[in-house]
Amino acid sequence: MFVDYHTHHERCGHATGVLRDYVEQAIKVGLQQIGLSDHMPIIHLPKEKIYPGSAMELDELEEYVKEVLDLKAEYQNQIEIKLGLEGDYIEGYEEQIEKLLSPYPFDYIIGSVHFLGEWDHSDSRQMEGWRKKPISEIFAEYYQAVQRAAKSGLYDIVGHFDVIKKHGHAPEKDISPIIDETLQVIKASGMAMEVNTSGLFKVVKEVFPAPSIIQKAVDLEIPFTLGSDAHLPEHVHVGVEEGRKLLKEFGVQQIATFTERQRIMVSL
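Residues numbered from 1 in each chain as written. Predicted model: local features only at pLDDT ≥ 70, side-chain atom pairs only at ≥ 80, totals over all residues. Heavy atoms only, no water.

Enquirer: Requested: an account of the overall build of the protein, with residues and values cited.
Expert: Secondary structure assignment for the protein yields 7 helices and 11 strands. In summary, the protein has a C-alpha radius of gyration of 17 Å against a globular reference of 18 Å for 268 residues, a match within 12%. Projecting the C-alpha coordinates of the protein onto the three principal axes gives extents of approximately 50 × 45 × 30 Å. Within the protein, buried positions represent 54% of all 268 residues. A separation of at least 24 residues holds for 74% of the contacts in the protein among residues at least 6 apart in sequence. As presented, the protein carries roughly 11800 Å² of accessible surface, and 49% of it is formed by carbon and sulfur atoms. Here the protein contributes 27 positively and 44 negatively charged side chains, and the mean placements of these two sets differ by 3 Å. (Helix = DSSP H or I, 4+ residues; strand = E, 2+ residues; numbered from the N terminus. Rg over C-alpha atoms; globule rule 2.2 N^0.38 Å. Buried < 20%, exposed > 50% of the residue type's maximum accessible area, 1.4 Å probe, protein only. Contact = heavy atoms within 4.5 Å. Areas by Shrake-Rupley, 256 points an atom, 1.4 Å probe, with all protein chains shown as cover. Lys, Arg positive; Asp, Glu negative; His and termini not counted. Charge placed at Lys NZ, Arg CZ, Asp CG, Glu CD.)

Okay, structure coming up:
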C-alpha cells in the first residue's frame, strides 16, 4: 500500500498549493491513499500572540473539511482521499480540543506537540526559547507532553515523535529513559506512530523518529504509518520510500491506515 498521511496546504499559511494540487500530485506519483492533514487552528493563544502563518484560522476549519469531502467524492475512482488533521496537543485544553474536532468526520487525527505553553519549539522564528533553560530539560518537558497527548485519547497517530531535535539541538545528558517511558505510554494508548520523512531534509538529516527509536517501537509492536509532511505539492511522498525501506529493514510487514478513526492494517 502506497500512502502519504501527512500533508499541508495553503490554509496553514506556511505551505504552498491548494488541496487539489496535492491530490493531483498523489495520483501522479502512484499513491493509493493520500491523507490531507492541515494544521488545527491555534486555540490557546490570543490572536496577537499567534505568529503569522502558523495554522489555519478558526473560521476556516469547516470549509477545509467540506473541501476535502468534496474532493474525496470527486476523485473516488482515482485515489482514496483521507480526511485528516494535524492537531496540536495543548496541556489543559483537552476539552476545548475535543469540542472543536468532534463534530467532523475525520478519518484520523495526528497528535503533535509543537507548543510547550505559548512557545512553539518547532518555529525557527522562536529560537530564543532554546536559551531559557537547559536543553535536556526542554526535551524532558516535550516528551512529558507527548505522553499526556497519548493519554488524552484525542488522537490516532503520534506526529513526528522526536521533532524536538528538528533544529539540531541535543540534550546534555542521556534522555533514553524518558523516551522509553513515552514509547510505553504510546503502546498502552493504542496509537500508531508515523515515520515522518521531512527530517531527512532538516538540519538533523534523519527521519522522525530516529531509526533507533523506530527499532524500540517495533519491538513494542507499535504500528506505523508513513508521511512526508509535504508543504509543497511536489513534495508529496518525497522521502517516504526511504521510510518504507527502513521499516522493512526492522521487519515491519504492515502499516496502519485509517477510516473514520478506525485503524486498518495493510501490507507494507
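Enquirer: Provide a residue-level description of unusual backbone geometry, including the pertinent values.
Expert: Cis geometry is found at the peptide bond from Phe208 to Pro209, where omega equals -5°. In the Ramachandran plot, His160 falls in the positive-phi region, its phi being about 20° despite a non-glycine side chain. Position of His160 among the secondary structure elements: in the loop between β7 (157-158) and α5 (176-189). Take His160: its relative accessible area is 3%, and that puts it in the buried class.

Enquirer: Tell me about the packing of α5 against helix α6 (residues 211-219), and please be specific about residues and values.
Expert: Across the interface, α5 lies against α6 with an axial gap of 10 Å and an inter-helix angle of 40°. It follows from the interaxial angle that α5 and α6 lie oblique. In the crossing of α5 with α6, the sense of the turn from one axis to the other is right-handed. Side by side, α5 and α6 meet where Ser176, Ile179, Asp180 and Leu183 of the first sit next to Ile213, Lys216 and Ala217 of the second. (Axes fitted to C-alpha atoms, helices over the stretch in contact; angles between N-to-C directions. Parallel < 35°, antiparallel > 145°, perpendicular 65-115°, else oblique. Left-handed = near helix turned anticlockwise from the far one by under 90°.)

Enquirer: I'd like a rundown of the sheet that holds β7, residues and numbers included.
Expert: Across the sheet, 7 strands lie side by side as β1-β2-β3-β4-β7-β8-β9; this open sheet has parallel pairing. The sheet is open, and its two edges are formed by β1 (3-4) and β9 (224-227), each paired on a single side. The pairing of strand β4 (residues 108-112) with β7 spans 2 bridges and is parallel. In the strand pairing of β7, Ile110 is matched with Ile157. With respect to the sheet, helix α2 (residues 61-74) is in contact with β2 (33-36) and β3 (80-88), its orientation differing from that of β3 by roughly 160°. (Pairing = 2+ DSSP bridges.)

Enquirer: Tell me what's going on with the packing of aromatic side chains, and back it up with residues and numbers.
Expert: Scanning the entire structure with this criterion turns up 7 aromatic pairs. With a centroid separation of 6.0 Å and an interplanar angle of 65°, the aromatic rings of Tyr104 and Phe106 are classed as edge-to-face. Centre to centre, the rings of Trp119 and Trp130 are 5.3 Å apart; their planes meet at 80°, and the pair counts as edge-to-face. One end of the pair, Trp119, is in strand β6 (residues 119-120); the other, Trp130, is in the loop between β6 and α4 (135-152), and 11 residues separate them in sequence. In this structure Trp130 comes out as buried when scored by relative accessible area, which is 5%. The structure contains a cluster of three or more aromatic residues connected by ring pairs, namely Tyr5, Tyr108 and Phe258. (Phe/Tyr/Trp six-rings, centres within 6.5 Å; stacked < 30°, edge-to-face > 60°.)

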